[in-house]
Amino acid sequence: MKSLLVGVIGHVDHGKTALVRALTGVETDRLKEEQARGVSIVPGFALLRRPEGEIDLVDLPGHERFVRAMISGATGMRAVLLAVDVQEGIKPQTVEHLEIARLVGVRRGVIALTKCDLVSPEAVAARSAELAAVAARAGLEQAVVVPTSVVAGTGLEALAQALGALLKDAPAAIDDGFPYLPVDRVFARAGFGAVVTGTLRRGPLAVGDKLALMPGGRAVTVRSLQIHGRSVQTAEPGRRTAVALRGIELSDLHRGQALCAPGLLAPTRWIDVVLTAVASAEAPLAGGTACRLLYGTAEVPARLRLLDREALEPGETAYAQLRAEEDIALPVREPFILRLDAPPITVAGGRVLDPLSRRRKRNDAKVLADLAALAAGGPREALDIRLAQGGLEGVSEADLVRAVGVAPDRVRRRLSEIRARPVGDRLVDAAHFTRLRETVLAALARHHRDHPIEHGVPLDRLARESGLGEAAAAAALRDLVATKDAVQAGTLFRRADFDPARNATEHVRALEALFRKGGLTPPDEIEAVGRDIRRREALAFLLGAGTLVRALDRVQKRTILFHKDAIAQAKRQLAQTYPADRGGEGFLAREAGATLGISRKFSIPLLEHLDAIRFTRRIGDRRVILGEDGRPG
């Protein structure tokens, strides 16, 4: 079923509440004070059923003292019903209400000319023409003027038909895939517990959904839902919705909070916005102005910071920042209004471009270009911009979801489409991931140039040499190895086109010859290498190539370097003397030493190395040679 939320706006005493009552039979002035004074103080709600669907009418206060309450109901409306007294015509709150509707993006509406039984047809015609012109200047597209009289009962069906036409032609409510409901009423009901009401936006809400109460993030669960008194399992965006909550006390709820899917909103003090000053302002709006920020049903003190000028002329639009004096939590693209305390007037309004900003540099071309792109685009463009802003460091998925303002599954689909790449717990766009690869390849090339006989470089050292974090370097290396542009050998990485063997020096050849000659009784490492840095590099090269093997004696806590050929010789001799298939009891360490003609200094680390490579297995004091299947012969 199609639905449309229509804000009923206009100057005090111009007949808004009477019109709603005549159209729906609902008395929206519920408070005793409202009924006693005949003035709406808080928004009232009524349902108008039409063949085209259902229209949620929000009767908004008209008195200037209650404009803030009016705005709390206005930011969710998608069309307006403007009530104007035919005798009084345009009044201050008429103008302000139209300005507020324009500032929050409402472009469709109907005008009800009230109390027409009190004037002549000529006066009705003249006032209708005047109102049509005013509506056009305010940005209402093709707003129909309908003469009415609640007392005489005239024009009401024509007005209902005009509202039905709005509903019929209305685009579907925006569905970003997650619910957002600013709380405007809180009460307890027997059998339901704590209940909040508000206008549901951004996405559907279902019984059983887990939500976060913002600011603060308190976890709650939807116990039940109602729309205009009827129970439903799911509420669609754009509807007035009552939500019974589980997991929270009534005392912890208040007007100004909002229900949202967990993780979609986060507390902040800085937001980036696109801002338009009211066209009827008597003076420019200066940067640095202290004001009241009204969004959803919340109101907080804030300060305006213009990014490309000193003041905003009436009717002009600019990019700006707002710094709230307390934590706020609102989604991207959310409409808002700015008002002054003294005098109490509306001065500007607009939309949120970045709900988690920081202090920006003024007159920065890049900042202004990004904000312009965010203002002109939608979620997809916002995702591309935020990834580009993240650069080589990337952006976390949670921050992307908040910046884009759609459900996480939709963000993930878009990330897959544009081939964004994971870098640790962050995401990098394709262009910056290519730069990551190039940066790592360049760092490898520099390392190979400076250390031509090293077999590669470990991850932590490469991260330092490339100026990247370990997560970024690791992600790039994984991709480079997968595409065969780099090679991994143990914990070392090198370019695929680098062969350290080509760079073997005279020191490498001399050191290898020394250990080859030593056989199973090789020279001491310190004596062989000393403090000669070139011999130390040669040793690292031979170990990296597997030419030399470091064997450990865990008991004596010492190591011996064997040439690989000496180890191969020892394996052949032991296999001939104690073959795997003879089924014997194996051999003792001293027996192996006698067979190989070496002392315990060399036999123990050699045998522990043979255990480690699963050539032998130690069983008590004896060892057996393993067969090809890894079992004792």
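Heads up: the structure comes first, above all this text.
No experiment lies behind these values; they were computed from the predicted model shown.

Colleague: For this particular structure, what's the right way to read unusual backbone geometry?
Modeller: Generally, phi is negative for residues other than glycine and the peptide bonds are trans, each holding for most cases. Cis geometry marks the peptide bond from Met 214 to Pro 215; its omega dihedral reads -5°. As for its placement among the helices and strands, Pro 215 is situated in the loop between strand E11 (210–214) and strand E12 (218–227). Residue Pro 343 is bonded to the preceding Ala 342 through a cis peptide linkage, with omega at -10°. Despite not being glycine, His 228 shows a phi value in the positive range, around 50°.

Colleague: Is there a simple way to think about the nonpolar core in this case?
Modeller: Side chains of a nonpolar character, in soluble globular proteins, are inclined to be buried together. Residues Leu 275, Leu 293, Phe 336 and Leu 338 are the most contacted members of the largest nonpolar core, which totals 58 residues. When residues in this core are grouped by element, the largest group, six residues, is from strand E22 (residues 317–328). Setting aside residues up to four positions removed in sequence, Leu 275 forms contacts with Leu 285, Leu 304, Leu 306, Leu 312, Glu 316, Thr 317, Ala 318, Ala 320, Phe 336, Leu 338, Ala 348 and Gly 349. Grouped together as the second largest cluster of nonpolar side chains are 30 residues, Val 86, Leu 98, Cys 116 and Leu 294 included.

Colleague: Please explain the pattern of salt bridges as it appears in this structure.
Modeller: Opposite charge on two side chains permits them to pair, given that their charged atoms come into close proximity. Inspection of every chain in the model, using the stated rule, returns 47 salt bridges. Glu 334 is the salt-bridge partner of Arg 202, the closest N and O atoms lying 3.8 Å from each other. Here Arg 202 is found in the loop between strand E9 (193–199) and strand E10 (205–206), whereas its partner Glu 334 is found in the loop between E22 and strand E23 (335–339), with 132 residues between them in sequence. As far as the burial class goes, Arg 202 and Glu 334 line up, both buried. We note a salt bridge from Arg 437 to Asp 485, for which the minimum N-O separation is 2.9 Å. Of this pair, Arg 437 sits in helix H11 (residues 430–450) while Asp 485 sits in the loop between helix H13 (470–482) and strand E29 (486–489), and the two are 48 residues apart along the sequence. Connected via shared salt-bridge partners are Arg 49, Glu 54, Asp 56, Arg 230 and Arg 239.

Colleague: Whenever I open this one, the pairing of E29 confuses me. Can you help?
Modeller: For a regular strand, side-chain orientation follows a simple rule: the groups alternate between the two sheet faces. Pairing analysis gives four bridges linking E29 to strand E30 (residues 492–495), with the strands arranged antiparallel. Directly across from Ala 486, in E30, lies its bridge partner Arg 495. Remark: two residues form the turn of the hairpin made by E29 and E30, two consecutive strands paired antiparallel; Gly 490 in that turn has positive phi of roughly 65°.

Colleague: Looking at this structure, I do not really get H13. What am I missing?
Modeller: Structural remark: α-helix, 3.6 residues per turn; residues separated by three or four positions point the same way. In this model, H13 (13 residues) spans 18 Å end to end at C-alpha, consistent with the 18 Å of a helix rising 1.5 Å per residue. For H13, the full list of buried residues reads Ala 472, Ala 473, Ala 474, Ala 475, Ala 476, Leu 477, Asp 479 and Leu 480. Elements in contact with the buried residues of H13: strand E26 (421–423), H11, helix H12 (459–466), E29 and E30. Note on H13: the residue one or two positions beyond its end, Lys 484, has a positive phi of about 65°.

Colleague: I'm lost on the sheet that holds strand E35 (residues 622–625) in this one. Help?
Modeller: Hydrogen bonds between backbone atoms are what pair the strands of a sheet, whose relative direction is either parallel or antiparallel. A sheet is described by the order of its strands in space; here three strands give the open sequence E33-E35-E34, paired in antiparallel fashion. Of all strands in the sheet, those with a lone pairing partner are strand E33 (587–588) and strand E34 (616–619), marking the two edges.

Colleague: Is there a simple way to explain the packing of helix H9 (residues 397–404) against helix H10 (residues 408–417) in this structure?
Modeller: When two helices pack together, their arrangement is given by the angle between the helix axes and by the axis-to-axis distance. Direction vectors running N to C along H9 and H10 enclose 105°, while the axes themselves pass 10 Å from each other. For the element pair H9 / H10, the angle class is roughly perpendicular. Each of Glu 397, Leu 400, Val 401 and Val 404 in H9 lies in contact with H10, whose residues at this interface are Pro 408, Val 411, Arg 412 and Leu 415.

Parameters at a glance
Counting starts from 1 at the beginning of each chain's written sequence and moves along it residue by residue. Thresholds applied to this predicted model are a pLDDT of at least 70 for local features of residues and 80 or more for the giving and counting of side-chain atom pairs; totals over whole chains, interfaces and linings are not thresholded and use all residues. Note that the side-chain values use all heavy atoms of the structure and ignore hydrogens as well as water. Numbered from the N terminus, helices here are DSSP runs of H or I no shorter than four residues, and strands are runs of E no shorter than two. Here, nonpolar core means buried Ala, Val, Leu, Ile, Met, Phe, Trp, Tyr and Cys residues that are tied together by side-chain atoms lying within 4.5 Å of each other. For the exposure calls, accessible area comes from a 1.4 Å probe over protein chains only, and a residue counts as buried if that area is under 20% of its type's maximum, exposed if over 50%, partly exposed in between. Two residues qualify as a contact provided that any one of their heavy atoms is within 4.5 Å of a heavy atom in the partner residue. Counted as salt bridges are all cases of a side-chain nitrogen of Lys or Arg within 4 Å of a carboxyl oxygen of Asp or Glu. The criterion for strand pairing is that DSSP finds at least two bridges linking the strands in question. For a helix, the expected span equals 1.5 Å multiplied by the residue count minus one. An axis is simply a line fitted to the C-alpha atoms; with a helix, the fit covers only the stretch in contact. Between two such axes, the angle follows the N-to-C directions and lies from 0 to 180 degrees. Here the angle decides the label: under 35 degrees means roughly parallel, over 145 means roughly antiparallel, 65 to 115 means roughly perpendicular, and every other value means oblique.

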